[in-house]
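Observations on the three-dimensional arrangement
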Amino acid sequence: MKSHDLFLAAILAASAVQTSAATMVEDADGNGSFSMEEMTVAYPDLTEETFADIDTDESGEISEEELTVAMESGLLDN
């Protein structure tokens, strides 16, 4: 496989993770982030402690980026 093919494969894989994160949790109110209530629809066993661990900017909501990091780091089941 040529180096540009590997680069393209890496980009596609990263995009798939982001798409996967965004589609597993529904942004029901359309505000661009995920509340505890929205997260527990997709992850019924999610605790408030884990939610707080994922919410690294302490906004009270989970951004798509925070969700992707949580999935990649194993805080959430993929």
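This write-up is about the structure you can find in this document. Because the structure is predicted, anything quoted here is derived from the model rather than measured.

1. Considering the overall build of the chain
Regarding its fold elements, the chain presents four helices and zero strands. Moving toward the C terminus, one meets the helices and strands of the chain in the order α-α-α-α. Counting over 78 residues, the chain shows a buried share of 27%. The long-range share in the chain, meaning contacts at least 24 apart out of those at least 6 apart in sequence, stands at 41%. Taken as a whole, the chain presents about 5200 Å² of accessible surface, with 54% of it coming from carbon and sulfur.

2. So, helix 4 (residues 64–73)
Listed as buried for helix 4 are Glu-66, Leu-67, Thr-68, Ala-70 and Met-71. After helix 4 finishes, the residue Gly-74 shows a positive phi value of roughly 90°.

3. Regarding the nonpolar core
The nonpolar side chains of a soluble globular protein tend to be buried with one another. Core analysis: the biggest nonpolar cluster contains 13 residues, and Met-39, Tyr-43, Leu-46, Ile-62, Leu-67 and Leu-76 have the highest contact counts within it. Mapped by element, the contributors of at least two residues to this core are helix 2 (36–42), helix 3 (48–54) and helix 4. With three residues, helix 4 is the largest single contributor of residues to this core. When sequence neighbours within four positions are dropped, the list of residues in contact with Met-39 reads Val-25, Phe-34, Leu-46, Phe-51, Ile-62, Leu-67 and Leu-76.

4. Looking at the environment of Gly-32
Turning to its location among the elements, Gly-32 is positioned in the loop between helix 1 (3–24) and helix 2. By relative accessible area, Gly-32 is classed as partly exposed at 49%.

5. Quick look at the side chain of Glu-38
Turning to its location among the elements, Glu-38 is positioned in helix 2. At a separation of 2.8 Å, a polar atom in the side chain of Glu-38 contacts the main-chain amide nitrogen of Ser-35. When near neighbours in sequence (up to four residues on either side) are disregarded, Glu-38 contacts Val-25, Glu-26, Asp-27, Ala-28, Asp-29 and Ser-33.

About the cut-offs
Residues numbered from 1 in each chain as written. Predicted model: local features only at pLDDT ≥ 70, side-chain atom pairs only at ≥ 80, totals over all residues. Heavy atoms only, no water. Helix = DSSP H or I, 4+ residues; strand = E, 2+ residues; numbered from the N terminus. Buried < 20%, exposed > 50% of the residue type's maximum accessible area, 1.4 Å probe, protein only. Contact = heavy atoms within 4.5 Å. Areas by Shrake-Rupley, 256 points an atom, 1.4 Å probe, with all protein chains shown as cover. Core = buried A, V, L, I, M, F, W, Y, C linked by side-chain atoms within 4.5 Å. Polar contact = N/O pair within 3.5 Å; in protein donor to acceptor, adjacent residues only side chain to side chain.

Any functional reading would require information beyond the geometric quantities listed.
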